[in-house]
Amino acid sequence: MWMQKEITLAPKARGFHLITREILRQLPELEDMRIGMMNVFLKHTSASLTVNENADPAVRRDFERYFNILVPPNIPGMEHNDEGPDDLPAHLKTGILGSDLNIPISDGRLNLGVWQGIYLCEHRDHGGSRSIVVTMNGA
Amino acid sequence: MWMQKEITLAPKARGFHLITREILRQLPELEDMRIGMMNVFLKHTSASLTVNENADPAVRRDFERYFNILVPPNIPGMEHNDEGPDDLPAHLKTGILGSDLNIPISDGRLNLGVWQGIYLCEHRDHGGSRSIVVTMNGA
Amino acid sequence: MWMQKEITLAPKARGFHLITREILRQLPELEDMRIGMMNVFLKHTSASLTVNENADPAVRRDFERYFNILVPPNIPGMEHNDEGPDDLPAHLKTGILGSDLNIPISDGRLNLGVWQGIYLCEHRDHGGSRSIVVTMNGA
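Every chain begins its residue count from 1, and numbering advances along the sequence as written. Think of it this way: whatever chain is written first is A, whatever ligand is written first is 1, and the rest follow in order. Two thresholds apply to this predicted model, a pLDDT of at least 70 for residue-level local features and 80 or more for giving and counting side-chain atom pairs, whereas whole-chain, interface and lining totals are computed over all residues. Note that the side-chain values use all heavy atoms of the structure and ignore hydrogens as well as water.

## Side note on the interface of chain C and chain A
By convention, interface size is frequently given as the accessible area that disappears when the constituent parts associate.
Step number 1: Residues count as neighbours in contact if any of their non-hydrogen atoms are within 4.5 Å of one another. Counting residues at the interface gives 34 residues for chain C, matched by 30 residues for chain A.
Step number 2: Together chain C and chain A conceal approximately 2,500 Å² of surface at their shared face, both sides included; 60% is due to carbon and sulfur atoms.
Step number 3: When two parts are brought into contact, each loses some accessible area as probed by a 1.4 Å sphere; the total of that loss over both is the buried area. Area buried by chain C at its contact with chain A is led by I35, D62 and Y66 of chain C, which between them contribute 22% of it.
Step number 4: A side-chain nitrogen of Lys or Arg and a carboxyl oxygen of Asp or Glu constitute a salt bridge if their distance falls within 4 Å. Applying the counting criterion to the chain C and chain A interface returns 2 salt bridges.
Step number 5: Here E79 of chain A ties to R61 of chain C by a salt bridge, and the two come within 2.7 Å at their closest N and O atoms.
Step number 6: Whenever a nitrogen or oxygen atom comes within 3.5 Å of another N or O atom, the pair is scored as a polar contact, on the condition that within protein one atom can donate a hydrogen and the other can accept it, and that pairs from neighbouring residues in sequence are kept only if both atoms are in side chains. Seen at the junction of chain C and chain A, the total is 13 residue pairs in polar contact (both at pLDDT 80 or more).
Step number 7: Breaking the side of chain C that touches chain A down by element, the ones donating at least two residues are β3 (35-42), β4 (47-53), α2 (57-70), α3 (87-97), β5 (100-106) and β8 (130-138) of chain C. Helix and strand assignments come from DSSP, with helices taken as H or I runs of at least 4 residues and strands as E runs of at least 2, each series counted from the N terminus.

## Looking at the relation of the copies chain C and chain A
The operation linking the two copies of the chain is a rotation about an axis combined with a translation along the axis.
Step number 1: The copies were overlaid by least squares, fitting only the C-alpha atoms of residues that reach a pLDDT of 70 or more in each copy. The two copies are related by a screw operation: chain C maps onto chain A through 120° of rotation and 0.0 Å of translation along the axis, at an RMSD of 0.0 Å. Taken together, the rotation angle and the small translation identify this as a three-fold axis. Taking C-alpha positions as the reference, the residue of chain C nearest the rotation axis is I96 of chain C, at 3.4 Å.
Step number 2: The share of interface residues of chain C whose copies in chain A are also at the interface is only 12%, consistent with the copies meeting through different surfaces.

## Some remarks on the relation of the copies chain B and chain A
Step number 1: The operation relating chain B to chain A is a screw motion whose rotation component is 120°, with 0.0 Å of axial translation and a residual RMSD of 0.0 Å.
Step number 2: When you check the interface residues of chain B against chain A, a mere 13% turn up at the interface there too, and the two sides of the contact use different surfaces.

## Focus on helix α3 (residues 87-97) of chain B
Step number 1: Across the 11 residues of α3 of chain B, 11 count as buried, placing the element largely inside the fold.
Step number 2: Relative accessibility decides the category of a residue: with a 1.4 Å probe and only protein chains considered, values under 20% of the type maximum give buried, values over 50% give exposed, and everything between is partly exposed. Three or more residues of α3 of chain B are buried, namely D87, L88, P89, A90, H91, L92, K93, T94, G95, I96 and L97 of chain B.

## Comments concerning the pairing of strand β5 (residues 100-106) of chain A
Residues and elements named next belong to chain A.
Step number 1: Counting buried positions along β5 yields 7 of 7 residues, so the element is predominantly enclosed.
Step number 2: Where burial is concerned, the two faces of β5 agree: the one with D100, N102, P104 and S106 and the one with L101, I103 and I105 are both buried.
Step number 3: Judged from the 7 bridges that link them, strand β3 (residues 35-42) and β5 form a sheet pairing that is antiparallel. For M37, the partnering residue across the bridge sits in β5 and is P104.
Step number 4: In short, DSSP must find at least two bridges between two strands for them to pair. Note that β5 and strand β6 (residues 109-110) share 2 bridges and pair antiparallel. In the sheet register, I105 faces β6, and the bridge partner there is L110.
Step number 5: In this antiparallel pair of consecutive strands, β5 and β6, the connection spans 2 residues, and D107 shows a positive phi of 55°.

So, to be careful, I would describe these as geometric facts and stop short of saying anything about function.
Okay, structure coming up:
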C-alpha cells in the first residue's frame, strides 16, 4: 500500500517549530497501516527537518541560538550572498540538519518516542510557506 | 515482505559505540530478504545513530572528543537545563547526527561498505537502555 | 516493484559535487515508477551525501570552505591519524552530513524541489572512485 501527498506548511518565523500535528491532521490514511514507513521530504535548501524534544519550547529557542553561533552570518571568505546574510547560512544549516526524515509506522500511528516531535527548521528571515512530500508505504 | 521489531539496547557509557552486531544478532529475518531496505529509528532525543569507521576504536573516542568541542556544556545564552549540563548538548548533538538510518539489504545481509558500522552515540552521562525500532521491507 | 543497483562514481577532487545527472543517467528504471522511494547509500566513511542548492557553484565552494573551518585538520587531542591530516576530519564530516538520502519518486522522476540537487561530498584529498547503492521501491 502506497500513499503520497504534497503538503504546504503555513509560513513560519525564523526558528525551530514543532509541526507533528500540522502534518498528521492532513494524513488520515495513516490509521490504516499496521506496519510501514513514512518519509517526510522538504523541497527546499534553506530550511530543514529534524526530530527532537517535543515538550519544552526553550529547546527550540536554544536550537535557533546554537545554530546561529555554529553558522554565523558573514563568515569571512564565503562567496555566495545572492539573497542577503541569511542566505548561505541557511544552506549550510540545511546540510547539517538534513532534508528528509524516515519514521516507522506501527498500528496506525507514527512510532515516535514519548519525547519526540518533528521540527521544521526555518533558517530564512522570510522563508514563506514550505512544501513537503509525505510518502507512506506499508501493509 | 514487512518485518518490524522493537529492540532494547544494553545501557552504554557516554560516547560512541559500535552496535552492528548487537542489532544483527536479533534480526535472523534479514537472511530471507534478497533485496530491500532496513530502517533503524532511535526513540530518544539525547542519543543518536550514525554510520562510520568500524575498525579503529580511536575513531569513536575522537568522535566523543570532537562533538564535546562542537557542542560544549554551559553555552552562554542557552535556557534549557532541566537535567544538568549534559542535557541540552545531548539534544543539539542529536540534531547534528540524526535519529534514523536507512541501509540497503542485498542477498540476505546489510550492504554496508567494508569499513562501515552502525554507531549508537550516547550523549548523556547516564542514558540507560535505549530503544530502537527496526523496520525491514523487501522481497 | 524493487530495483537495486550498485553504481561507481567517477573519482572527484576534494570538495562538494553535484551528481544528480551522473546518478540519473544510470537509472532508466525510474521512469516506470508512479509512486515510490529512492534510497542512495554511500559505502564509505570519508565522503558523504547531502541535498542542497543546484544552481550557483559558489555554494559548493562555500560548503568546502565552511566544513574545513568546522572540522579543521590536526585538532588538538585527537588520536586517529592513520592516513594523514585529512583522515579523521573526513570521518567527522561524514558524521555531520550523513551517508544516506531518501528521495520520493512521483510520476517517473525524483520529486526534488526546483533548487535541489544531490551532492557527493568528497572529504579526502585523493578519495578515488566511490560506490553507491541505489535502491528503488514503488508501484
